[in-house]
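Tertiary structure, described
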Amino acid sequence: MSEKQAAFIPYTGLSYTPEESLERSKVFYQMMDKRRTLRHFSDRPVAKETIEQIIMTASSAPSGAHKQPWTFCIVSDPNIKAEIRKAAEKEEYENYHGRMSEEWLDDLIPFGTDWHKPFLEIAPYLIVVFKKAYDIIDGEKQKNYYVNESVGIAAGFLLAAIHQAGLVSLTHTPSPMNFLQKVLKRPANERAFLLIPVGYPAEYAKVPDICRKPLDQVAVFYESISA
Ligand code: IYR
């Protein structure tokens, strides 16, 4: 049996009146609803400290057994960015020329994507999110739990923090992504999860003219029926 014991401290979270909660939920939704995925970046620099704070927000996400099974690799070195672009475009060329189905290519028409990925060199930062299937602590393999769920939530926090700071991002999934593990020399327990260019929008930046589903298409409420 383990000697481990849980230690608890008083919860000191945020506390609001119902009215304040409603107001805050509206303000936050309005702010978050302005987030757009961008493909046109400026090369305008971003302060490293801003990126550090954004990463700490991402790493505040909940995770299975609080293992925080993620590593954020932050790439600003132009040589590494060029290497990543070259490898990503090689994979994407194959995707757009035979690996993706007709239906998939058709679904992507509104977004105007193709195999060219110049943003991988233009954006000042590439954040590569790695998931850790397990950790090595003092030479021992330590299991992680709900790794995809945990890293997915952390990536969501990351995108929200980027947006909140007035920066833009692209949730990019070059496929397959194993070249990132090689280029960034990550250990065997890490697998690339998402590649997220971060920066300011280009002056000419445009986004697809699309809208989001309304509440009744994304939520189902199960309420007690009062007589
Ligand atoms: N990974 C490719 C294709 C792509 C797939 C989806 I799903 C998108 O929403 C957008 C693009 C690319 O990055 O071009």
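Just above sits the structure.
Here goes a summary of the coordinates provided. What you see is a predicted model; the values in this text were computed from it and never measured.

Taken together, R39, E92, Y96, M100, W104, L108, D114, K117, H172 and T173 form the complete shell of residues around the ligand. H172 places a polar side-chain atom, nitrogen or oxygen, 3.3 Å from an oxygen atom of the ligand. Summarising the interface, the protein chains cover 71% of the accessible area of the ligand, which totals 380 Å² for the free molecule. Class assignment of the residues belonging to the shell around the ligand gives a composition of four nonpolar, two polar and four charged.

So, on to the environment of H97. Considering the arrangement of structural elements, one finds H97 in helix α3 (residues 78-99). In terms of polar contacts, H97 uses its side chain to reach the backbone carbonyl oxygen of Y93, at 2.8 Å.

The next subject is the pairing of strand β4 (residues 140-143). The pairing of strand β3 (residues 134-137) with β4 spans four bridges and is classified as antiparallel. Bridge pairing in β4 places D135 opposite Q142. Hairpin remark: β3 followed by β4, antiparallel, with two residues in the connecting loop; positive phi at D138, about 50°.

Right, let's talk about a nonpolar patch on the surface for a bit. On the surface, a nonpolar cluster with roughly 350 Å² of combined accessible area is contributed by L215, V218 and F221. Locating L215 in the fold gives a position in helix α8 (residues 215-218).

What counts and what doesn't
- Residues numbered from 1 in each chain as written.
- Predicted model: local features only at pLDDT ≥ 70, side-chain atom pairs only at ≥ 80, totals over all residues.
- Heavy atoms only, no water.
- Near = heavy atom within 4 Å.
- Polar contact = N/O pair within 3.5 Å; in protein donor to acceptor, adjacent residues only side chain to side chain.
- Areas by Shrake-Rupley, 256 points an atom, 1.4 Å probe, with all protein chains shown as cover.
- Nonpolar A, V, L, I, M, F, W, Y, C, P; charged D, E, K, R; others polar.
- Helix = DSSP H or I, 4+ residues; strand = E, 2+ residues; numbered from the N terminus.
- Pairing = 2+ DSSP bridges.
- Patch = residues over 30% accessible without salt bridge, like charges linked within 9 Å, V, L, I, M, F, W, Y side chains within 5 Å.
- Salt bridge = Lys/Arg side-chain N within 4 Å of Asp/Glu carboxyl O.

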